[in-house]
Amino acid sequence: MNIDWTPQPDWRPRLLRICERLRRRQPAVRAFLVAGDYAHGVQAADSVLTCIAFFPDWRPDYTLGAVQALDGLPVALDWPTTAFLVEVEPALQDDIRAHRLATAQPLLSYDPTLDGVLRDFRDRYFAPDERAARVRRLCDRAAALIDRGAGAGTGLAPAEAWEAFVFGVGPALCHVVDEPPARRRLLPRFRAAARVRRRPSLAGEVAGALALPERDAAAALRDAEALRDLAEAHIRATHADAVSGLLPRWASAVEKGRRSVAVLEGSDPEAASFAAVVTGLVVDQAATAVSPGFRLSPGYRERASELYGRCDVAALRHVLHEVRAAGE
């Protein structure tokens, strides 16, 4: 992909032109919003310009877009349905997508009713009781993953430990202080949240628990790509109908992972290694969602052991305890 990753000061008029072209092709689109780093004015050299395009459908769905080159910009087009926000509780369960919608900035709107629904969703998302409930949900999810990984007794690589932090402990502390959650950039954002809570040592505990100081980012990225190759072969053999949908997502994950590693490895080696491992974790989760037996397939244990490395479960439990206390 021919993408200029340099943050562009003139991105807004360019994105508006992209949206106008999209609507000429898809007249049913009800609104365009911009989300993520660009919406918040904190874009970096690995930021993706995320555009949310609502379209009418009765099915509650939210399709995450893969990164692509549009007018030379790194753009991801998300496609939620207008029905996605009808049932608020399910929409709030995915904290990344919920945060993306709640903090998105409007670009173009063709539906005043949808505008009102989005305002109500933002109000609900930022309500103190919902924030507290969100932190509890994330901590409970992390506890379940840690217990499952610690109790497996099979010698499998600790994918569950990484999931517990990336999809539980890390974003939970971010939500406590309204730090934007992330995937690849979660470690530095967790650090920032820990400093706000006056517990900067928590970030060091996480790095130690996940053995980040001894990791090499470039090697971890190669391990992530090797796991991606294994996942592709497995899905082709077991769920061939799903391959066409997964390949663009995996290509996007690897592209974003490569970019993050390139940006971070000189200044923040631990964050670069973290981003590389998360690149593989995203692929792993997607393959497991389609084929629950993926983690029992031939070759998975070796590939996953190389990618995830060792994990200090006791240290991760302690961080979880501290984060849960911070949210109460």
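Owing to the predicted nature of the structure, the values given are computational and were not obtained by experimental measurement.

Rules and cut-offs
Residues numbered from 1 in each chain as written. Predicted model: local features only at pLDDT ≥ 70, side-chain atom pairs only at ≥ 80, totals over all residues. Heavy atoms only, no water. Axes fitted to C-alpha atoms, helices over the stretch in contact; angles between N-to-C directions. Helix = DSSP H or I, 4+ residues; strand = E, 2+ residues; numbered from the N terminus. Parallel < 35°, antiparallel > 145°, perpendicular 65-115°, else oblique. Contact = heavy atoms within 4.5 Å. Nonpolar A, V, L, I, M, F, W, Y, C, P; charged D, E, K, R; others polar. Buried < 20%, exposed > 50% of the residue type's maximum accessible area, 1.4 Å probe, protein only. Arc of directions from axis to C-beta. 1 Å grid on protein atoms, 1.4 Å probe; cavity = no way out; pocket = protein on both sides within 12 Å on 5 of 7 lines; lining within 4 Å. Points joined across faces, edges and corners; volume = space filled by probe spheres on them. Pairing = 2+ DSSP bridges. Polar contact = N/O pair within 3.5 Å; in protein donor to acceptor, adjacent residues only side chain to side chain. Phe/Tyr/Trp six-rings, centres within 6.5 Å; stacked < 30°, edge-to-face > 60°. Lys NZ or Arg CZ within 6 Å of the ring centre and 35° of its normal.

J.: Which residues make up the packing of helix H8 (residues 186–196) against helix H12 (residues 269–290), and what values go with them?
T.: At a minimum axis distance of 8 Å, the contact between H8 and H12 shows a crossing angle of 125 degrees. By the angle class used here, H8 and H12 are oblique. Along its contact with H8, which presents Leu186, Leu187, Pro188 and Arg191, the element H12 presents Glu270, Ala271 and Phe274. Tallied by class, the residues present in the contact of H8 with H12 amount to 5 nonpolar, no polar and 2 charged.

J.: Before we move on, can you summarise helix H13 (residues 300–308) with the specific residues and values?
T.: Every α-helical turn comprises 3.6 residues, leaving residues that sit three or four positions apart pointing alike. Three or more residues of H13 are buried, namely Tyr300, Ala304, Leu307 and Tyr308. End-on view of H13: buried residues confined to an arc of 80 degrees, all on one side of the axis. After H13 finishes, the residue Gly309 shows a positive phi value of roughly 70 degrees.

J.: Would you mind going over the layout of surface pockets in detail, with residue names and values included?
T.: If you add up the space inside the largest pocket, you get close to 1300 Å³. Looking at the largest pocket, it is lined by 45 residues, and the ones nearest its centre are Leu64, Ile96, Arg100, Arg183 and Lys256. In terms of residue class, the lining of the largest pocket is built from 18 nonpolar, 12 polar and 15 charged.

J.: Could you give an account of the pairing of strand E2 (residues 49–54), with specific residues and numbers?
T.: Summarising burial for E2: 6 of the 6 residues are buried, a large majority. Of the two faces of E2, both are covered, the one formed by Leu49, Cys51 and Ala53 as well as the one formed by Thr50, Ile52 and Phe54. Where strand E1 (residues 31–35) meets E2, 5 bridges bridge the pair, whose relative direction is antiparallel. Bridging from a neighbouring strand, Val34 pairs with Cys51 of E2. In terms of strand pairing, E2 meets strand E5 (residues 73–80) through 4 bridges, oriented parallel.

J.: Now, about the side chain of Ser47: what can you tell me, with residues and values included?
T.: Structurally, Ser47 is set in the loop between helix H2 (37–40) and E2. Assessed through its relative accessible area of 2%, Ser47 is described here as buried. A distance of 2.6 Å separates polar atoms of two side chains, one belonging to Ser47 and the other to Asp37. Among the polar contacts made by the side chain of Ser47, one reaches the main-chain amide nitrogen of Ala44 at a distance of 2.7 Å. Discounting residues that sit within four places of it in the chain, Ser47 has contacts with Trp5, Asp37, Tyr38, Val42 and Pro74.

J.: Pulling in residues and values, what's your account of unusual backbone geometry?
T.: The phi dihedral of Arg198 is positive, around 60 degrees, even though this residue is not glycine. You can see Arg198 is positioned in the loop between H8 and helix H9 (201–209). Its relative accessible area of 74% is what places Arg198 among the exposed residues. We note that Ala211 has phi near 60 degrees; this positive angle belongs to a residue other than glycine. Relative to the assigned elements, Ala211 resides in the loop between H9 and helix H10 (217–238).

J.: I'd like to hear about the packing of aromatic side chains, residue by residue, with values.
T.: Applying the stated criterion across every chain yields a total of 8 aromatic pairs. Relative to Phe190, the ring of Phe165 has its centre 5.1 Å away and its plane inclined at 75 degrees; by these criteria the two rings are edge-to-face. Here Phe165 is found in helix H7 (residues 159–176), whereas its partner Phe190 is found in helix H8, with 25 residues between them in sequence. Residue class for Phe165 comes out buried when judged on its relative accessible area of 0%. For Phe190, a relative accessible area of 0% puts it in the buried group. Here the aromatic cluster, defined as three or more aromatic residues joined through ring pairs, consists of Trp162, Phe165, Phe190 and Phe274. Taking the ring centre of Tyr110 as reference, the NZ or CZ of Arg23 above it sits at 3.6 Å. Over the ring of Tyr125 we find Arg134, and its NZ or CZ is 3.8 Å from the ring centre.

J.: Could you give an account of the side chain of Thr50, with specific residues and numbers?
T.: Inspection of the secondary structure assignment puts Thr50 in strand E2. By relative accessible area, Thr50 is classed as buried at 8%. Setting aside residues up to four positions removed in sequence, Thr50 forms contacts with Leu33, Val34, Ala35, Ala76, Asp78 and Arg100.

J.: How would you explain the environment of Gly170 if you had to name every residue and give the values?
T.: Relative to the elements of secondary structure, Gly170 occurs in helix H7. Residue Gly170 is classed as buried on the basis of its relative accessible area of 0%. Along the backbone, Gly170 and Arg222 are 52 residues apart, and their C-alpha atoms lie at a distance of 24 Å.

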